[in-house]
Amino acid sequence: MAQLTTIGQLPLNQPPVHHYTAYRPRPFKREEREKVTILYGGLTWKHERLVQGAMHNMKYNAEPLPNIARDDLDAGKELIDVGACCPTIFTTGSLVNFLKKEVAASSKEEVANKYVFLTAGACGPCRFGQYHESYSMALDGLGLRDFRMFLLAQDELDQGPSGGGGLEINLPLSLGLIWGILFGDLLTDLEYMTRPYEVNPGQTDKVLQASVEYLYGVFRERPDHGAKYGTLAWHLLTNYFTRALREVRKMWDAIEVDRVRVKAKVKITGEFWLQTHEGEGNYNIKRWLEQEDSEVVAPPVAVWLHYLLHPTIRKLEHRHSTSKHPRLKEALLRALERIYRWTYNRFRNALAGLPNELPDQEELRELAEPFYHFELRGGEGHMLIGKALHAYHHKKAHMICELSPYSCMPNTMSVGSMANVIGKYPDLLYAPIEVKGDSEVHALSRCQMILTEAKRRAQEQFEEVLQKTGLTVEQIRRYEKRHPEIQRATYKVPHRGYSGTAANYVLHLAQDRGLARA
């Protein structure tokens, strides 16, 4: 038996205790910038390509991770907590699978030196704020503890140099990233409102690809206007971006559409990653809905960026802020909000006003407040209720499809609150879909049950408008032959009080173009 010397019953030769230490990346130095590639992901391929253009413009080597695949779910489950939500598991698995391939082609040391990973940080009762801990756990499992990962705060435009100066989050970079995201949203709206009605299958995807590549070049060649106020003023006032969008509009002019096709319009809401994603991470549900004779209303990232302003504004309103000049700061944030919406509308107008307007955040709050208090933060908070009611009251969609990760606390609260909403508005069609990543048949069949009713309503609306106007489909076809401009994808059909595109189109022809009297 080993002899022990004790002080207060504690053995002096006890093995040292290794306490937990949080992940801290080693420095990414300025002189390494030309040799290191920044990895990123989490958005659609359109957003990521335009973000890449903005980063290439700033002389960074940048590469998006491959789009999510089913294998990423399995890889993520192997290395992190199996109770994590599927967006966490999918995104961790995506990073893991990419790094595994790179290690197999070279070595762990070379991969750790060649790449850094840039990801968004967050707070509140949502595991999105802990994604980086899952990445860290996975890196440990791969033996890549030296791999560097940096967090990008979502609410700060100028964060300065980070972790050695190799990555500098400054105003030119932040504005380039935000503008790239806004452009990705605009193109996504054009894509989903055009593809269900295209006459020549596949043409929308070809034009979309060409548009993204053209705009990538626009962002890559963005002129330098200084570090702060000069670049801010230029981004807000220049015609550089609106000219580019007008060129994109010309590309979409070539697409012929048939808006007499009756489609159920489905608004997608839900957890940020799942509602934004296009691929196997959410069962390709947007493409599946199109195959089921639907028009998808995709959620813009711009709404989330707009939402981020409001918690700070509310703190200032209630004087809960530590700011020395709360009234001045509130006025500045209100002005920033107006500039943000004005900028987005400038870009929309360059595309003939076709992309959807941003909903008013105050209206979303007021709509949701009887059912979900706006101070309950986490995920998209009250916006999930507000968006559903906004689409219902303004007749922007026939049904709501809310995508929730398995066991996601904020979305569980939203789905529970929607039971109260449905009690008050029983004709609101609402399909809450819980996504686990490997239960596709169950999820899509659940959505299809609600979609059947949405399609019936779309058809009824169309027939109601035909009866109201006295028009027939044959008359509309003859009119379209005489006026081919109305079959262009860039021809704007105004909203005339119906949820469906076909119903609004017929009513527009009758009321605004006098077809009923022709």
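Everything numeric in this text was worked out from a predicted model, so none of it was measured.

### Examining the overall build of the protein
Within the protein one finds 19 helices and 12 strands. Rg of the C-alpha trace for the protein: 25 Å, near the compact-globule value of 24 Å for 518 residues, within the 12% margin. With respect to the principal axes defined by its C-alpha atoms, the protein has extents near 105 × 55 × 50 Å. The buried share of the protein, reckoned over its 518 residues, is 54%.

### Section: the nonpolar core
Among the nonpolar cores identified, the biggest contains 65 residues, and Met55, Phe183, Leu187, Leu215 and Phe241 are the most heavily contacted of them. At 12 residues, helix α6 (residues 171-194) tops the list of elements feeding residues into this core. Once residues within four sequence positions are removed from consideration, Leu215 is found in contact with Leu50, Phe183, Leu187, Ala244, Leu245 and Val248. Counting residues in hydrophobic clusters, the runner-up holds 49 residues, among them Leu65, Phe90, Val96 and Val435.

### What about the packing of helix α12 (residues 301-317) against helix α13 (residues 326-350)?
It is at 9 Å that the axes of α12 and α13 come closest, and there the two elements cross at 165 degrees. The orientation of α12 relative to α13 falls into the category roughly antiparallel. Like other packed secondary-structure pairs, α12 and α13 cross with a definite hand, here left-handed. Facing α12, whose interface residues are Ala302, Leu305, His306, Leu309, His310, Thr312, Ile313, Leu316 and Glu317, α13 presents Pro326, Lys329, Glu330, Leu333, Arg334, Leu336, Glu337, Tyr340, Arg341 and Tyr344.

### Side note on unusual backbone geometry
Peptide bonds are, in most cases, trans, and in most cases residues other than glycine have a negative phi. Residues other than glycine seldom take positive phi values, yet Lys59 does so here, at roughly 70 degrees. In this structure, Lys59 sits in the loop between α1 (45-57) and β4 (61-64). Phi is positive for Asp293, close to 65 degrees, though the residue is something other than glycine. Summarising the element assignment, Asp293 is placed in the loop between α11 (285-291) and β10 (294-297). In this structure Asp293 comes out as partly exposed when scored by relative accessible area, which is 38%.

### Topic: α1
Its 13 residues place the ends of α1 18 Å apart at the C-alpha level, agreeing with the 18 Å of an ideal helix rising 1.5 Å per residue. When you tally the buried positions in α1, you get 10 out of 13 residues, the bulk of the element. Of all the residues in α1, the buried ones are Lys46, His47, Glu48, Leu50, Val51, Gln52, Gly53, Ala54, Met55 and Asn57. Residues of α1 that are buried sit in contact with β3 (37-40), β4, β5 (115-120), α6, α7 (203-220) and α12. Just past α1, the residue Lys59 takes up positive phi, approximately 70 degrees.

### What about the sheet that holds β3?
As summarised here, the arrangement of the four strands in space is β4-β3-β5-β6, forming an open sheet in which the pairing is parallel. At either margin of the open sheet sits one strand with a lone partner, and together these are β4 and β6 (148-152). Going from strand to strand, the sheet's axes swing by 30 degrees on average, the running direction of each strand aside. Where β5 lies against β6, five bridges are found, and the strand directions are parallel. Paired with Leu118 across the two strands is Phe150, which belongs to β6. On the sheet, helix α3 (residues 86-105) packs against β3, β4 and β5 and is oriented at approximately 175 degrees with respect to β5.

### What to know about the sheet that holds strand β11 (residues 399-405)
Strand order across the open sheet formed by four strands is β10-β9-β11-β12, with parallel pairing between neighbours. Both outer strands of the open sheet, β10 and β12 (429-435), are each paired with one neighbouring strand and no more. Taken over all neighbouring pairs, the strand axes of this sheet differ in orientation by 25 degrees on average, direction set aside. Pairing of strand β9 (residues 264-270) with β11 involves five bridges; the strand directions are parallel. Residue pairing for β11: Gly270 is matched across the bridge by Leu403.

### Topic: the pattern of salt bridges
Per the counting criterion, the structure on display carries 27 salt bridges. Where Arg145 meets Asp140, a salt bridge forms, and the shortest distance between an N and an O atom there is 3.0 Å. For Arg145, a relative accessible area of 35% corresponds to the partly exposed category. With a closest N to O distance of 3.4 Å, Asp205 and Arg287 form a salt bridge. Here Asp205, found in helix α7, pairs with Arg287, found in helix α11; they are 82 residues apart in sequence, far enough to count as distant. When salt bridges that share partners are traced, they join Lys46, Glu191, Arg195, Asp205, Glu278, Arg287 and Glu290 into one network.

### Re the packing of aromatic side chains
Evaluated as defined, the whole model comprises 15 aromatic pairs. Both rings, one in Phe183 and one in Phe219, keep their centres 5.2 Å apart while their planes meet at 80 degrees; by these two values the pair is edge-to-face. Pair noted here: Phe183 is in helix α6 and Phe219 is in helix α7, with a separation of 36 residues, a long-range link. The pair Phe183 / Phe219 is uniform in exposure class, with both members buried. Measuring from centroid to centroid gives 5.2 Å for Tyr240 and Phe241, while their planes differ by 85 degrees, and the two rings are edge-to-face. Using a relative accessible area of 1% as the deciding quantity, one classes Phe241 as buried. Following the ring pairs from residue to residue traces out a cluster consisting of Trp179, Phe183, Phe219, Trp234, Tyr240, Phe241 and Phe347. Stacked on the ring of Phe374, the Lys or Arg Arg365 has its end atom at 4.7 Å from the ring centre. Just above the ring of Tyr406 sits the side chain of Lys436; from NZ or CZ to the centre is 4.9 Å.

Conventions adopted
Residues numbered from 1 in each chain as written. Predicted model: local features only at pLDDT ≥ 70, side-chain atom pairs only at ≥ 80, totals over all residues. Heavy atoms only, no water. Helix = DSSP H or I, 4+ residues; strand = E, 2+ residues; numbered from the N terminus. Rg over C-alpha atoms; globule rule 2.2 N^0.38 Å. Buried < 20%, exposed > 50% of the residue type's maximum accessible area, 1.4 Å probe, protein only. Core = buried A, V, L, I, M, F, W, Y, C linked by side-chain atoms within 4.5 Å. Contact = heavy atoms within 4.5 Å. Axes fitted to C-alpha atoms, helices over the stretch in contact; angles between N-to-C directions. Parallel < 35°, antiparallel > 145°, perpendicular 65-115°, else oblique. Left-handed = near helix turned anticlockwise from the far one by under 90°. Expected span 1.5 Å × (residues − 1). Pairing = 2+ DSSP bridges. Salt bridge = Lys/Arg side-chain N within 4 Å of Asp/Glu carboxyl O. Phe/Tyr/Trp six-rings, centres within 6.5 Å; stacked < 30°, edge-to-face > 60°. Lys NZ or Arg CZ within 6 Å of the ring centre and 35° of its normal.

These figures capture arrangement, not role.
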